[in-house]
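Commentary on secondary and tertiary structure
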Amino acid sequence: GDIDLDLREANLPAGETALTLLCWVGAIRLRVPHGVGLEVEAQSFIGTVDVLGRREEGLVRDILVRTDGYEAQERRLHVRISTVIGELEVVQDRR
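Residues numbered from 1 in each chain as written. Predicted model: local features only at pLDDT ≥ 70, side-chain atom pairs only at ≥ 80, totals over all residues. Heavy atoms only, no water.

**Topic: the sheet that holds strand β4 (residues 54-66)**
Sheet strands line up and pair through hydrogen bonds in the backbone, either parallel or antiparallel. Read from one edge of the open sheet, five strands run β1-β2-β5-β3-β4, paired in mixed fashion. With one partner strand each, in any of the chains shown, β1 (3-6) and β4 form the two edges of the open sheet. Adjacent strand axes in the sheet meet at a mean angle of 10° when their direction is disregarded. Here four bridges tie β1 to strand β2 (residues 15-32), and the two strands are oriented parallel to one another. (Pairing = 2+ DSSP bridges. Helix = DSSP H or I, 4+ residues; strand = E, 2+ residues; numbered from the N terminus. Axes fitted to C-alpha atoms, helices over the stretch in contact; angles between N-to-C directions.)

Dropping the structure here:
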């Protein structure tokens, strides 16, 4: 199945928050708020990975994307996101 998680209105605590999303077959779409440091580890065995505009397609996609100044941000979100067959997308508000 698909996962569509919108955290844009979430009140994340100071420090680092960890989030893991797994999906065997399907799509995962994650929306995160502006002003939060973001580190994303994304894996797809067969499919497409699009994290903050960095897009890769094909077999065994495994990428790490970290926003500039991640460690200096008061609020940080460390995401592990993966699917066996499907699509992964992580977008951040630009407010």
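**Things to note about a nonpolar patch on the surface**
Together, W24, V25, F45, I46, L59, V60, V84 and I85 make up a nonpolar patch on the protein surface, roughly 820 Å² of accessible area in all. Elements supplying a minimum of two residues to the nonpolar patch: β2, β3 (37-51), β4 and β5 (75-92). Note on placement: W24 falls in strand β2. Residue W24 is classed as exposed on the basis of its relative accessible area, which comes to 71%. (Patch = residues over 30% accessible without salt bridge, like charges linked within 9 Å, V, L, I, M, F, W, Y side chains within 5 Å. Areas by Shrake-Rupley, 256 points an atom, 1.4 Å probe, with all protein chains shown as cover. Salt bridge = Lys/Arg side-chain N within 4 Å of Asp/Glu carboxyl O. Buried < 20%, exposed > 50% of the residue type's maximum accessible area, 1.4 Å probe, protein only.)

**Focus: unusual backbone geometry**
Of note, L52 is a non-glycine position whose phi angle comes to about 50°, a positive value. Within the fold, L52 resides in the loop between β3 and β4. For L52, a relative accessible area of 32% translates into the label partly exposed. The backbone phi angle of V60 is positive, close to 50°, even though this residue is not glycine. Of note, V60 is situated in strand β4. For V60, a relative accessible area of 52% corresponds to the exposed category.

**Description of the side chain of D50**
Turning to its location among the elements, D50 is positioned in strand β3. Assessed through its relative accessible area of 17%, D50 is described here as buried. A distance of 3.3 Å separates the side chain of D50 from the backbone nitrogen of G53, its partner in a polar contact. When near neighbours in sequence (up to four residues on either side) are disregarded, D50 contacts R55, L88, E89 and V90. (Polar contact = N/O pair within 3.5 Å; in protein donor to acceptor, adjacent residues only side chain to side chain. Contact = heavy atoms within 4.5 Å.)

**Side note on the nonpolar core**
Among the nonpolar cores identified, the biggest contains 21 residues, and L30, V40, A42, V51, L77, V79 and I81 are the most heavily contacted of them. Going through the elements one at a time, β2, β3, β4 and β5 are the ones with two or more residues in this core. The greatest single-element share of this core, amounting to six residues, is contributed by β2. Not counting residues within four places of it along the chain, the set of residues in contact with L77 comprises L7, T17, L19, V32, V36, G37, L38, E39 and Y70. (Core = buried A, V, L, I, M, F, W, Y, C linked by side-chain atoms within 4.5 Å.)

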